[in-house]
Amino acid sequence: MLTMEEGKYVSRDEIARIDTPSSTASWKPVPHIDVIEAVAEVVNAHKWDIEDERFGLASEGQKMFGVMEISRSSSPQWHRCIGIRNSHDKSLAVGLSAGIVVLVCSNLAFGGTTVIKRKHTSRFELTDLNR
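Summary of the structure given here. What you are looking at is a predicted structure, and each value in this text was computed from that prediction instead of being measured. (Residues numbered from 1 in each chain as written. Predicted model: local features only at pLDDT ≥ 70, side-chain atom pairs only at ≥ 80, totals over all residues. Heavy atoms only, no water.)

1. A short note on the overall build of the protein
Secondary structure summary: the protein contains two helices and nine strands in total. Counted from the first residue to the last, the protein has its helices and strands arranged as β-β-α-α-β-β-β-β-β-β-β. With 131 residues in all, the protein has 39% of them scored as buried. A separation of at least 24 residues holds for 50% of the contacts in the protein among residues at least 6 apart in sequence. (Helix = DSSP H or I, 4+ residues; strand = E, 2+ residues; numbered from the N terminus. Buried < 20%, exposed > 50% of the residue type's maximum accessible area, 1.4 Å probe, protein only. Contact = heavy atoms within 4.5 Å.)

2. Regarding the pattern of salt bridges
Scanning the model with the defined rule gives three salt bridges in all. Ionic pairing is found between glutamate 53 and arginine 12, a salt bridge with its closest N-O pair at 2.6 Å. You can see glutamate 53 sitting in strand 3 (residues 50-58) and its partner arginine 12 sitting in helix 1 (residues 12-16), a full 41 residues away along the chain. Taking relative accessible area as the criterion, arginine 12 reaches 24% and is therefore assigned partly exposed. When the shortest N-O distance is used, the salt bridge between arginine 54 and aspartate 52 registers 2.3 Å. For arginine 54, a relative accessible area of 27% puts it in the partly exposed group. On the basis of relative accessibility, which here comes to 31%, the residue aspartate 52 falls in the partly exposed class. (Salt bridge = Lys/Arg side-chain N within 4 Å of Asp/Glu carboxyl O.)

3. Describing the sheet that holds strand 7 (residues 103-105)
Strand order in the open sheet made by the three strands is 1-7-8, with mixed pairing throughout. The open sheet has two edge strands with one neighbour each: strand 1 (2-3) and strand 8 (110-111). Of the pairings in the sheet, the one linking strand 1 to strand 7 comprises two bridges and is parallel in character. From the neighbouring strand, threonine 3 faces strand 7, where its bridge partner is cysteine 105. (Pairing = 2+ DSSP bridges.)

4. Side note on the packing of aromatic side chains
One pass over the full model with this rule turns up zero aromatic pairs. The ring centre of phenylalanine 110 lies 4.5 Å from the NZ or CZ of arginine 85, which sits over that ring. Sitting over the ring of tryptophan 27, lysine 90 keeps its end group 4.9 Å from the ring centre. (Phe/Tyr/Trp six-rings, centres within 6.5 Å; stacked < 30°, edge-to-face > 60°. Lys NZ or Arg CZ within 6 Å of the ring centre and 35° of its normal.)

Fair warning: the whole summary comes from geometry, so function is off the table for now.
In structure tokens, the structure reads:
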């Protein structure tokens with residue numbers, strides 16, 4: 001479930017147009033679209049399909065939130081979900097959540113069966129999230 005208390009719902013194309021700030025010696029911002037595409041790449045590598053996706057931007061595009069519903073289940077009554085969040089303003093780490101139910105909200109609520117977060121440090125790589 002994606003809830004936008006602040007900001008607005010947007011398409012993947014709108015997210016791709018958000019500028020990413022320059023890196024510093026200790027901080028490496030990750031483009032929002034790169035996070036989304038990295039997750040989609042892993043989903044596709046497992047031969048799963050993204051049945052639905054919803055995204056939102058807050059703080060003038062500095063924070064991105066999203067949920068993908070994945071068609072990898074033995075029942076048509078439920079889907080696996082992946083929650084995504086990222087920021088360009090150092091307010092939160094890039095994060096993924098996964099489970100039958102995930103909660104991603106612009107008020108920073110973020111949960112699921114599994115939650116992974118990584119700070120935007122100078123040594124950060126998106127592939128680190130797969131570990």
